[in-house]
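In case you want the letters, here they are:
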Amino acid sequence: MENLPDLPELAYTSDCRARLAFEVLANRWDSVVVYTLGETSPMRPRELVARIGGIHPKVLNEALRRLEYNGLVERRAYAEAPPRVDYALTEAGVALLGPMRAMGVWAARYGDAVLNAQDRFVERSQAHRRTGT
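Not measured: the values here are computed from a predicted model.

## Focus: the overall build of the protein
1) Next: Regarding its fold elements, the protein presents 5 helices and 2 strands.
2) Next: Beginning at the N terminus, the succession of helices and strands in the protein can be written as α-α-α-α-β-β-α.
3) Next: Put simply, the protein has 133 residues, and 23% of those count as buried.
4) Next: For the protein, the computed accessible surface area is about 10,100 Å², with 55% contributed by carbon and sulfur atoms.

What follows is the structure in structure tokens.
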């Protein structure tokens, strides 16, 4: 791999820190929220809902709480009437944008192959069930 630091031999064992990067974005919406905040930050929740599309405000709130818990997003509340809150990426959140873009490049290149493999697997599984083998 190009320009990547050397990882210990057992870097991807069950208790390694490398898995942390995948776990913090394992939820369906978390990476979308991080990426959206990376485009325009800070943003208010209503702006995020409008920009993302298809996400329910409750689901967005849950994602923002997870991301704040994981140190990727910072919640900023303002002492105003009515109260105002916005969210911005932390340094760790901004640093995650590069690897996320790399994953996007991978998905664009190999997404069809993955979807085709999934279809073949389902077809084989259904054929095995029909034949009992």
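## Section: the packing of aromatic side chains
1) Next: Counted by the stated rule, this structure contains 1 aromatic pair.
2) Next: Positioned above the aromatic ring of Y78, the side-chain terminus of R84 is 3.8 Å from the ring centre.

## Focus on helix 4 (residues 57–69)
1) Next: With 13 residues, helix 4 extends 18 Å from end C-alpha to end C-alpha; this agrees with the ideal 18 Å at 1.5 Å per step.
2) Next: Those residues of helix 4 that sit buried are L60, A63, L64 and L67. Seen from one end, helix 4 has its buried residues packed into an arc of 100 degrees, which puts them on one side. Opposite its buried face, helix 4 presents the exposed residues K58, R65 and Y69, each directed more than 90 degrees away.
3) Next: The inward-facing, buried residues of helix 4 contact helix 2 (30–39), helix 3 (45–52), strand 1 (73–78) and strand 2 (84–89).
4) Next: Taken from the residues just after helix 4, G71 is the one with a positive phi, measuring 80 degrees.

## Structural notes on the pattern of salt bridges
1) Next: Inspection of every chain in the model, using the stated rule, returns 7 salt bridges.
2) Next: Between R51 and E39 there is a salt bridge, and its shortest N-O distance comes to 3.6 Å. Linking R51 in helix 3 with E39 in helix 2, this pair joins segments that are 12 residues apart in sequence.
3) Next: On the accessibility criterion, R51 (44% relative accessible area) is partly exposed.
4) Next: Between R84 and D86 there is a salt bridge whose closest N-O contact spans 3.9 Å.

About the cut-offs
Residues numbered from 1 in each chain as written. Predicted model: local features only at pLDDT ≥ 70, side-chain atom pairs only at ≥ 80, totals over all residues. Heavy atoms only, no water. Helix = DSSP H or I, 4+ residues; strand = E, 2+ residues; numbered from the N terminus. Buried < 20%, exposed > 50% of the residue type's maximum accessible area, 1.4 Å probe, protein only. Areas by Shrake-Rupley, 256 points an atom, 1.4 Å probe, with all protein chains shown as cover. Phe/Tyr/Trp six-rings, centres within 6.5 Å; stacked < 30°, edge-to-face > 60°. Lys NZ or Arg CZ within 6 Å of the ring centre and 35° of its normal. Expected span 1.5 Å × (residues − 1). Arc of directions from axis to C-beta. Contact = heavy atoms within 4.5 Å. Salt bridge = Lys/Arg side-chain N within 4 Å of Asp/Glu carboxyl O.

The quantities given are spatial measurements derived from coordinates; they are silent on function.
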